[in-house]
Amino acid sequence: MKLGRLNHFGVATPSIADSIAFYRDVLGATKIHEPFDLPDQGVKVCFVDTPGADGALDGTQIELIEPLPGNVSITSFLEKNPAGGQHHVCYEVPDIHVAKAEFEAMGKRVLGEPRIGAHGTLIFFVHPKDMQGVLTEIMEVHADGAAAHANGTGS
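This write-up is about the structure you can find in this document. From a predicted model like this one, the values you see are computed outputs, not experimental measurements. (Residues numbered from 1 in each chain as written. Predicted model: local features only at pLDDT ≥ 70, side-chain atom pairs only at ≥ 80, totals over all residues. Heavy atoms only, no water.)

Of all the residues in helix α2 (residues 73-80), the buried ones are Ile74, Phe77 and Leu78. Down the axis of α2, the smallest arc covering the buried residues is 95°, so these residues share one side. For α2, the exposed residues lying more than 90 degrees away from the buried face are Ser73, Glu79 and Lys80. Looking at the packing, one finds that the buried side of α2 touches β1 (6-12), β3 (43-48), β4 (61-67) and β5 (85-93). (Buried < 20%, exposed > 50% of the residue type's maximum accessible area, 1.4 Å probe, protein only. Helix = DSSP H or I, 4+ residues; strand = E, 2+ residues; numbered from the N terminus. Arc of directions from axis to C-beta. Contact = heavy atoms within 4.5 Å.)

In structure tokens form, the structure reads like this:
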């Protein structure tokens, strides 16, 4: 397994609207995408772009995550962290199935089968107990990076 680019880190929040105001007004974010629902995952998400090395907004994204009614995992996280907080980190890989097989060969617990994530590409999560306490998302991104924005939301 070779470490890929840090695509985003997820922040669970009780209110995406309040978090948008925070990133805009306190941290000066200038590119905040429209929030959208992912009903299959029981969440509403919103991506905030950060500057890259050349100043363009192509750095690591921040994924704001608010639970939809009936979501258990994010709701449980927020019960333990009422103000919200860092939920996961996401690394890019060129082939999701190869990455999954490699993690499983190392004895890491992959949480479910690859599925379409918020960026419109295949993802899976690795259990935090196998990743030094960090819930880790693995996301397929092709060599040209174009697939990272496949869902048309700019995320």
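Turning our attention to the environment of phenylalanine 125. Position of phenylalanine 125 relative to the elements: it lies in strand β7 (residues 122-126). Each C-alpha atom of the pair phenylalanine 125 and lysine 100 lies 9.4 Å from the other, and the pair is 25 residues apart in sequence. Sequence-distant contacts of phenylalanine 125, that is, excluding residues within four places in its chain, are made with His88, Arg109, Val110, Leu111, Arg115, Leu135, Thr136 and Glu137.

Bringing the nonpolar core into the picture now. Among the nonpolar cores identified, the biggest contains 11 residues, and these are Ala12, Phe36, Leu38, Val43, Val45, Phe47, Ile65, Ile74, Phe77, Leu78 and Ala118. Mapped by element, the contributors of at least two residues to this core are β2 (36-38), β3 and α2. (Core = buried A, V, L, I, M, F, W, Y, C linked by side-chain atoms within 4.5 Å.)

With that settled, consider the sheet that holds β4. Overall, mixed pairing links the eight strands, which are arranged β2-β3-β4-β1-β5-β8-β7-β6 in an open sheet. The sheet is open, and its two borders are formed by β2 and β6 (110-116), each paired with just one other strand. Each strand of the sheet is rotated relative to its neighbour by a mean of 25°, with strand direction disregarded. Where β6 and β7 come together, four bridges link them in antiparallel fashion. Across the sheet, residue leucine 111 finds its bridge partner in β7, namely phenylalanine 125. Contacts from helix α1 (residues 16-25) reach β1, β3 and β4, with the element oriented near 155° to β4. (Pairing = 2+ DSSP bridges. Axes fitted to C-alpha atoms, helices over the stretch in contact; angles between N-to-C directions.)

On to the pairing of β1, then. Along β1, five of the seven residues are buried, which leaves the element largely enclosed by surrounding structure. As paired strands, β1 and β5 are joined by six bridges and run antiparallel to one another. Looking at β5, one finds that phenylalanine 9 is bridged to valine 89. Bridge count for β1 against β4 is five bridges, and the pairing is parallel. In the sheet register, histidine 8 faces β4, and the bridge partner there is glutamine 61.

Let us now look at the pattern of salt bridges. Taken as a whole, this structure holds five salt bridges when the rule is applied. One salt bridge connects glutamate 113 with lysine 100, and the closest N-O pair in it is separated by 3.5 Å. Of this pair, glutamate 113 sits in strand β6 while lysine 100 sits in helix α3 (residues 96-105), placing them 13 residues apart in sequence. Residue glutamate 113 is classed as exposed on the basis of its relative accessible area, which comes to 55%. Through salt bridges with shared partners, one network takes in Lys100, Glu104 and Glu113. (Salt bridge = Lys/Arg side-chain N within 4 Å of Asp/Glu carboxyl O.)

This part covers unusual backbone geometry. The phi angle of most residues is negative, glycine excepted, and most peptide bonds adopt the trans form. Within the chain, glutamine 132 stands out as a residue other than glycine whose phi angle is a positive 55°. Along the chain, glutamine 132 turns up in the loop between β7 and β8 (136-140).

Let's shift gears to the packing of aromatic side chains. Here the structure, examined in full by the defined rule, presents two aromatic pairs. Arranged with centres 5.3 Å apart and planes meeting at 90°, the rings of phenylalanine 22 and tyrosine 23 form a pair that is edge-to-face. On the basis of an interplanar angle of 80° and a centroid distance of 6.1 Å, the ring pair of phenylalanine 103 and phenylalanine 124 is categorised as edge-to-face. Taken as a pair, phenylalanine 103 in helix α3 and phenylalanine 124 in strand β7 lie far apart in primary sequence, 21 residues in all. On the accessibility criterion, phenylalanine 103 (6% relative accessible area) is buried. The class for phenylalanine 124 is buried, based on a relative accessible area of 0%. (Phe/Tyr/Trp six-rings, centres within 6.5 Å; stacked < 30°, edge-to-face > 60°.)

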